[in-house]
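Reading the structure
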Amino acid sequence: MYEDLKIICWPDPRLRKKSKPVEEFTGELKALAERMLVLMREAKGVGLAGPQVGMNIRMIVINTTGQAGDDRVYVNPVLSEAEGEEEEEEGCLSLPGINTQVVRSKAIRMTAVNLEGKALDQKEAGYIARIWQHECDHLNGTMLTDRMGPTAQIGNRRILKDLEERYAAEHPQAAVKRKKR
Ligand code: ZN
């Protein structure tokens, strides 16, 4: 059902939309999560959010080890109780070629539901907390390009321009508004 889905790249406008909460916990939702996990694994990523496959719904998948048993799916995630700050390098499957330092909260709590609609309440610090924050950003249309400092903006200008040109070539009808930076 979702075989044709692929990971979309900046500046696709779907990455900029605020995604809608999931209201129905269907087999379709499960199939979408499965497909997202496959795409994430193929791309050697550790996290993927709905909008990154062009689906503007509030669902994220993560796996930090590559083992099938470590797949985690979060639906309608909400972050709270952020503690501390930490700067680390991050990349994004929708911004190939870009790695940039990003300041995130060190520890954070997440409440969400699973694919059956059952409540989840977890607290993580470090790597997983960082991935949660990165993926939840996607659900609100926020990307690494918004989180990087002015020096990184300048340093990555060429890569961003190449991505814009690639998007324009693949979507000749779309008038891509160039973001001022
Ligand atoms: Zn990302």
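These lines cover the structure that appears in this document, whether it is placed above or below.

Reading guide: rules and limits
- Residues numbered from 1 in each chain as written.
- Predicted model: local features only at pLDDT ≥ 70, side-chain atom pairs only at ≥ 80, totals over all residues.
- Heavy atoms only, no water.
- 1 Å grid on protein atoms, 1.4 Å probe; cavity = no way out; pocket = protein on both sides within 12 Å on 5 of 7 lines; lining within 4 Å.
- Points joined across faces, edges and corners; volume = space filled by probe spheres on them.
- Helix = DSSP H or I, 4+ residues; strand = E, 2+ residues; numbered from the N terminus.
- Nonpolar A, V, L, I, M, F, W, Y, C, P; charged D, E, K, R; others polar.
- Buried < 20%, exposed > 50% of the residue type's maximum accessible area, 1.4 Å probe, protein only.
- Donors = N, O, S within 2.8 Å, 3.2 Å for Na, K, Ca; no water.
- Phe/Tyr/Trp six-rings, centres within 6.5 Å; stacked < 30°, edge-to-face > 60°.

**Notes on empty space enclosed by the protein**
- Scanning all chains against the criterion turns up two cavities of 30 Å³ or more.
- Looking at the second largest cavity, its volume works out to about 30 Å³.
- The wall of the second largest cavity is formed by Arg-104, His-134, Asp-137, His-138, Thr-142, Met-143 and Leu-144.
- Counting residues per element, the lining of the second largest cavity draws most heavily on helix 2 (residues 127–139), which supplies three residues.
- Each residue belonging to the lining of the second largest cavity can be placed in one class, and the counts come to two nonpolar, three polar and two charged.

**Observations regarding the environment of Gly-155**
- Tracing the chain through its elements places Gly-155 in helix 4 (residues 150–155).
- With relative accessibility at 59%, the residue Gly-155 sits in the exposed group.
- Between the C-alpha atoms of Gly-155 and Arg-104, which are 51 residues apart in sequence, the distance is 21 Å.

**Some thoughts on the coordination of the zinc ion**
- Donor atoms from the polypeptide that coordinate the zinc ion comprise Cys-92 (SG), His-134 (NE2) and His-138 (NE2), at 2.0 to 2.2 Å from the metal.
- Read from N- to C-terminus, the donor residues coordinating the zinc ion fall into the pattern C-x41-H-x3-H. Of this pair, His-134 and His-138 both sit in helix 2, four residues apart, roughly one helical turn.
- Residue His-138 is classed as buried on the basis of its relative accessible area of 1%.

**Concerning the packing of aromatic side chains**
- All chains considered together, the criterion is met by one aromatic pair.
- Seen in terms of ring centroids, Tyr-74 and Trp-132 are 5.7 Å apart; in terms of plane orientation they differ by 80°. Their pairing is edge-to-face. Here the residue Tyr-74 occupies a position in strand 3 (residues 72–83), and Trp-132 occupies one in helix 2, the gap between them amounting to 58 residues. Considered together, Tyr-74 and Trp-132 belong to a single accessibility category, that of buried residues.

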